[in-house]
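Remarks on the overall topology
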Amino acid sequence: MQVAATLPATGVHFFPTRRASFKCNGYSSPLKPITRASSINAQSLKTITPTTTTTEMTKKHLSNLEKLLQKEAKPEPVIQKQGKTGENRGKQGEKTEENRGRNLLEGLNLSRIWPEMKAAEEMSPRHLIRLHRMLSSKSMEYSPRNNLGSRWKEYHGCKDWLGLLDPLDENLRRELVRYGEFIQAAYHCFHSDPATSANENAHVARDVSLPDRSYKVTKSLYATSSIGLPKWVDDVAPDLGWMTQRSSWIGYVAVCDDKTEIQRMGRRDIVIALRGTATCLEWGENLRDVLVQMPGENELVDAQPKVECGFLSLYKTGGAKIPSLAESVINEVKRLIEMYKGESISITVTGHSLGAALALLVADDISTCSPNAPPVAVFSFGGPRVGNKGFANRLESKNVKVLRIVNKQDVITKVPGMFVSEAIDKKLRDTGASGVLNLLDNSMPWAYSHVGTELRVDTTKSPFLKPDADVACCHDLEAYLHLVDGYLGSNESFRPNAKRSLEKLLNEQSANIKKLYTSKGKDLSSLNLNREFNFPRPSCLPSPSVLPSPSS
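Residues numbered from 1 in each chain as written. Predicted model: local features only at pLDDT ≥ 70, side-chain atom pairs only at ≥ 80, totals over all residues. Heavy atoms only, no water.

Named according to an unreviewed UniProt entry, the protein is Phospholipase A1-Ibeta2, chloroplastic-like originating from Solanum pennellii. Comment text from UniProt for the protein, heading Sequence similarities (unreviewed entry), reads "Belongs to the AB hydrolase superfamily. Lipase family." Turning to the protein, the UniProt record has this under Subcellular location (unreviewed entry): "Plastid, Chloroplast". (UniProt positions renumbered as here; feature names shortened; annotations may be inferred.)

Printed below as a string of structure tokens:
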């Protein structure tokens, strides 16, 4: 029998074969069907001549092979109701094609595409099945939004978060991440329009893309430096004029106005979100780290409250046509308290880096700005020291609750002042040396002390970040949120069901992500799977929530 030319027999081992059979009883071959004839004899087989070209036969083989492959990942049939319009039938066809594409992605054998990494990367999860699950769109998860109800004051710090930090309470974790995202919105709004013109109306709130649509922005906040750079700097680099401007947009005030969310939280929440350092003059203020007396304090009083000179300058200084940060935030909070008089209200001040320092000054003022001031809590990320022990006592006396989220490797949280931890300071005071330390607090210009309760996270606990991540990564806000999302307790490893996406972390700190994940992420993006299959593919690597435990 003469056999016509076909495709090269590559990849034959992928398909199980049956015992060869040359009986032609009118049934087609799995790969090359033929038309059933009434009778075919051996003599006629010898005389058959090819009636089609090699190219046409190749096309038929490819078509049949594609049909055979589709049988293994056949989507579930869609039951069509009578009266379906052509548009609806088209949508069902798109869903079928989408399911087909997902089946293809889930069937990828990643271990054949990417080999095992070198031994230096073995500290991270090695098994490629984990990466497979990370890339699966079915594994995307979202944190629950539980009803805080009558316990909202506990989550707001009325008991200094006793029993909620170690292990970290699930609801508190979600609230911390949510407030951190309010700070990210402040960063994004500033970088989208960093310039502040002389004619800008400070009374009109900027458009801020809030992460929670149940809140609305009511006030834009500006910080003004008391120092300035020479005018020739602007002449040399006119395009970077915003770097030398004295007044800059630094945050906003937002209030929850959604009834469902108010009911879930148990009160109407007012949020004050402040970004970190972004301009040259703000960096200059950060370096003015001498403690100065707070306005209105008596110098003769022992343990008088003092704060850093630069932070106080940014908080109290006003611009030519822009009020100071202190004036803006106090007036707005007073207005909102009066507007929602009679309701259950809370004030939450949140900030990162410089914003965390200013958040303490804001909380100090607004806690007594009104006779019926609501509870005030501060959630700070990567905040430096702001004042001395007297300032910490002042906030405590005003019942301001402060929760500091601190990365163990973040050096910013250890400055300014002497590198003495609060734990050592407490031990010294408990041993009877408090009198000497109080004397040093009053006389030394760098006797700083942290405020409030601390939640300490650790970069080395993350299975994705390098243990020797640089200073920028350890202080990065997105890295903070990643660590909080995976934090279980001081003696626990990174939680396996963390839900925060790694998209932003990969984009902003790719140099500090373990090579196992950066290389795989880049290689996956280079595979143009949509070229032949039109189906949605996740644009990011979900976080460890989708990973099996290391023992699996």
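So much for the structure itself; the text now carries on.
This paragraph deals with empty space enclosed by the protein. Under the counting rule described, the total for this entry stands at 5 cavities of 30 Å³ or more. Taken as a whole, the largest cavity encloses approximately 70 Å³ of empty space. As for the largest cavity, its lining consists of Ala 356, Ala 357, Leu 360, Ser 380, Gly 383, Pro 384, Val 386, Val 402, Arg 404, His 450 and Val 451. For the lining of the largest cavity, the secondary-structure elements that each account for two or more residues are helix H14 (354-366) and strand E8 (401-407). It is H14 that provides the largest number of residues to the lining of the largest cavity, a total of 3 residues. Across the lining of the largest cavity, the residue classes break down as 7 nonpolar, 3 polar and 1 charged. (1 Å grid on protein atoms, 1.4 Å probe; cavity = no way out; pocket = protein on both sides within 12 Å on 5 of 7 lines; lining within 4 Å. Points joined across faces, edges and corners; volume = space filled by probe spheres on them. Helix = DSSP H or I, 4+ residues; strand = E, 2+ residues; numbered from the N terminus. Nonpolar A, V, L, I, M, F, W, Y, C, P; charged D, E, K, R; others polar.)

Another aspect to go through is the sheet that holds strand E6 (residues 345-352). By way of backbone hydrogen bonds, the strands of a sheet pair with one another, either parallel or antiparallel. Across the sheet, which stays open at both edges, the 7 strands sit in the order E1-E2-E3-E6-E7-E8-E9 with mixed pairing between neighbours. Taken across any chain shown, the strands that pair with only one partner, and hence form the sheet edges, are strand E1 (215-224) and strand E9 (453-457). Averaged over all pairs of adjacent strands, the angle between their axes in this sheet comes to 20°, without regard to strand direction. Two strands pair when backbone bridges link them, and strand E3 (residues 268-274) and E6 are joined in this way by 7 bridges, in the parallel orientation. Each bridged residue has a counterpart across the sheet, and for Val 271 the counterpart in E6 is Thr 348. Packing against the sheet, helix H7 (residues 170-192) makes contact with E1, strand E2 (247-256), E3, E6, strand E7 (376-381), E8 and E9, and its axis sits at approximately 140° to E2. (Pairing = 2+ DSSP bridges. Axes fitted to C-alpha atoms, helices over the stretch in contact; angles between N-to-C directions. Contact = heavy atoms within 4.5 Å.)

Moving on, we come to the packing of H14 against helix H15 (residues 389-397). The relative placement of two packed helices comes down to the angle between their axes together with the axis-to-axis distance. Put simply, H14 and H15 touch, their axes get as near as 10 Å, and they point 45° apart. As summarised for this structure, H14 and H15 are arranged oblique, according to the angle between their axes. When you trace H14 past H15, the crossing you get is left-handed. Seen from H14, the contacting residues are Leu 360, Leu 361 and Asp 364; seen from H15, they are Phe 391, Arg 394 and Leu 395. Of the residues that constitute the contact of H14 with H15, the class distribution is 4 nonpolar, no polar and 2 charged. (Parallel < 35°, antiparallel > 145°, perpendicular 65-115°, else oblique. Left-handed = near helix turned anticlockwise from the far one by under 90°.)

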